[in-house]
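Take a look at the letters that make up each chain.
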Amino acid sequence: YYKDLDDDTKLLEKTKELKIVNYEENVFDMLNLVLSDNKIVLVSSAYYENMADIDEDYENKTKIIATYEIDIEITEETSNIDVTNTPFLLFINGIDTRSGKLPARSLSDVNILMAVNPKKKEMLMVAIPRDYYVLLHGTTGLKDKLTHSGTYGGVKSTMETIEDLFDMNIDHYIRLNFNSVINLVDAIDGITVLSDVNYSFNCHTNRDCTINPGYNNLDGKCALAFARERKAYATGDRHRGENQEQVIGVILNKITSSKTLINNYSDILKAMEGTFESSLDLDDITALIKMQIGNMSKWNVNTYNVNGTSGMDYTHSYPHQKLSIMYPDYSTVTTAKNKLKQVLN
């Protein structure tokens, strides 16, 4: 098995009936042994998902014969920011695990910085492509895809990597399984999104969901399929980031600009139960809800996306084979940073 950054004491207790050999090699070399040498390996689900991301046929060529679940208690540092009066920078981290749960580490599929100004009722979302080629925080040598930071050190690693990229401190984060979009959208009776291409398509993750040019009324399943869509677009992952921003923005606008929050309050809470973690504590979330109920004025939600150039290169997590990556256009990073600061100021 591969010993990673996590304390494996509980894992070894659960697997004490197995005879485990501690492989010191690269984790991906070890995962490849399963394909060629009839090996059985024990790894974090994060590395398995990472391998399946690199090799789209890996799931078909291997079989999971056992799964061990281990509970880990996480203690968050509290913030002294009054989120109802003070602007703050929020990191939205979306994962898309096959289990539908919220593991400690997973691919960081959705990475959005959101500047929130509660006084001006203003938000700015900046989407960062999952394949952005950046130096993972705490590592040296080869850069890596931003999405791999989540398998390396969880949401903390992704946040610190983005802080390095933007040279900004992130005040809070919310991490959620993007599958929770289904429950949330259904809890607010659906959303309406705009498809900005002049052709219809069936979403590749759910062929039952057809998206037509112009406005589309979507339920939870199709809202998630729309947010995950990349194959229907020439710009692929970049367009997917725009769709994700739109879905989040539409949800926020529907909740905050109508009676949805009051009428569907219990359904919204139930939809999110067990699907997210956040450094915002319950008092912060309650204060924001009370503020919005007290003043149901609409928020101004804007977006901006950092950009780059697609390419192939070696990565920190997989140094022996070139992977598809995106070289950052740092001028767009600078522009995004300035726009975020304008909202925060």
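Look a little higher up for the structure.
Residues numbered from 1 in each chain as written. Predicted model: local features only at pLDDT ≥ 70, side-chain atom pairs only at ≥ 80, totals over all residues. Heavy atoms only, no water.

On the surface, Asp186, Asp189, Asp219 and Asp267 cluster together into a negatively charged patch. Mapped onto the elements of the fold, aspartate 189 is located in the loop between α6 (180–187) and β7 (191–195). Assessed through its relative accessible area of 63%, aspartate 189 is described here as exposed. (Patch = residues over 30% accessible without salt bridge, like charges linked within 9 Å, V, L, I, M, F, W, Y side chains within 5 Å. Areas by Shrake-Rupley, 256 points an atom, 1.4 Å probe, with all protein chains shown as cover. Salt bridge = Lys/Arg side-chain N within 4 Å of Asp/Glu carboxyl O. Lys, Arg positive; Asp, Glu negative; His and termini not counted. Charge placed at Lys NZ, Arg CZ, Asp CG, Glu CD. Helix = DSSP H or I, 4+ residues; strand = E, 2+ residues; numbered from the N terminus. Buried < 20%, exposed > 50% of the residue type's maximum accessible area, 1.4 Å probe, protein only.)

On inspection of all chains with the given rule, the structure shows 1 disulfide. Bridging cysteine 209 to cysteine 222, the disulfide has an S-S length of 2.1 Å. Linking cysteine 209 and cysteine 222, the disulfide has an S-S dihedral of approximately -85 degrees and is accordingly described as left-handed. Placement of cysteine 209 in the loop between β8 (201–202) and β9 (210–211) and of cysteine 222 in helix α7 (residues 220–228) is noted, with a sequence separation of 13 residues between them. Exposure remark for cysteine 209: the relative accessible area of 1% places this residue in the buried category. Take cysteine 222: its relative accessible area is 15%, and that puts it in the buried class. (Disulfide = S-S within 2.5 Å.)

You will see that lysine 121, though not glycine, has its phi angle at about 55 degrees, which is positive. Position of lysine 121 relative to the elements: it lies in the loop between β2 (110–117) and β3 (122–127). For aspartate 189, which is not a glycine, the phi torsion comes out positive at approximately 65 degrees.

Attention now moves to the pairing of β7. Burial along β7 is one-sided: the face carrying Ile191, Val193 and Ser195 is buried and the face carrying Thr192 and Leu194 is not. Summarising the sheet, β7 and strand β10 (residues 214–218) pair through 5 bridges and their orientation is antiparallel. Bridging from a neighbouring strand, isoleucine 191 pairs with leucine 218 of β10. (Pairing = 2+ DSSP bridges.)

The subject of this paragraph is the sheet that holds strand β12 (residues 300–305). As summarised here, the arrangement of the 6 strands in space is β11-β6-β1-β2-β3-β12, forming an open sheet in which the pairing is mixed. The sheet is open, and its two borders are formed by β11 (276–278) and β12, each paired with just one other strand. Averaged over all pairs of adjacent strands, the angle between strand axes in this sheet comes to 20 degrees, irrespective of strand direction. Bridge count for β2 against β3 is 6 bridges, and the pairing is antiparallel. The residue of β3 that forms the bridge with leucine 113 is valine 126. On the sheet, helix α8 (residues 237–256) packs against β1 (88–95), β2, β3 and β12 and is oriented at approximately 160 degrees with respect to β3. (Axes fitted to C-alpha atoms, helices over the stretch in contact; angles between N-to-C directions. Contact = heavy atoms within 4.5 Å.)

What follows is about the side chain of aspartate 237. Within the secondary structure, aspartate 237 is located in helix α8. With residues up to four places along the chain from it excluded, the contact list for aspartate 237 reads Pro129, Arg130, Asp131 and Arg230.

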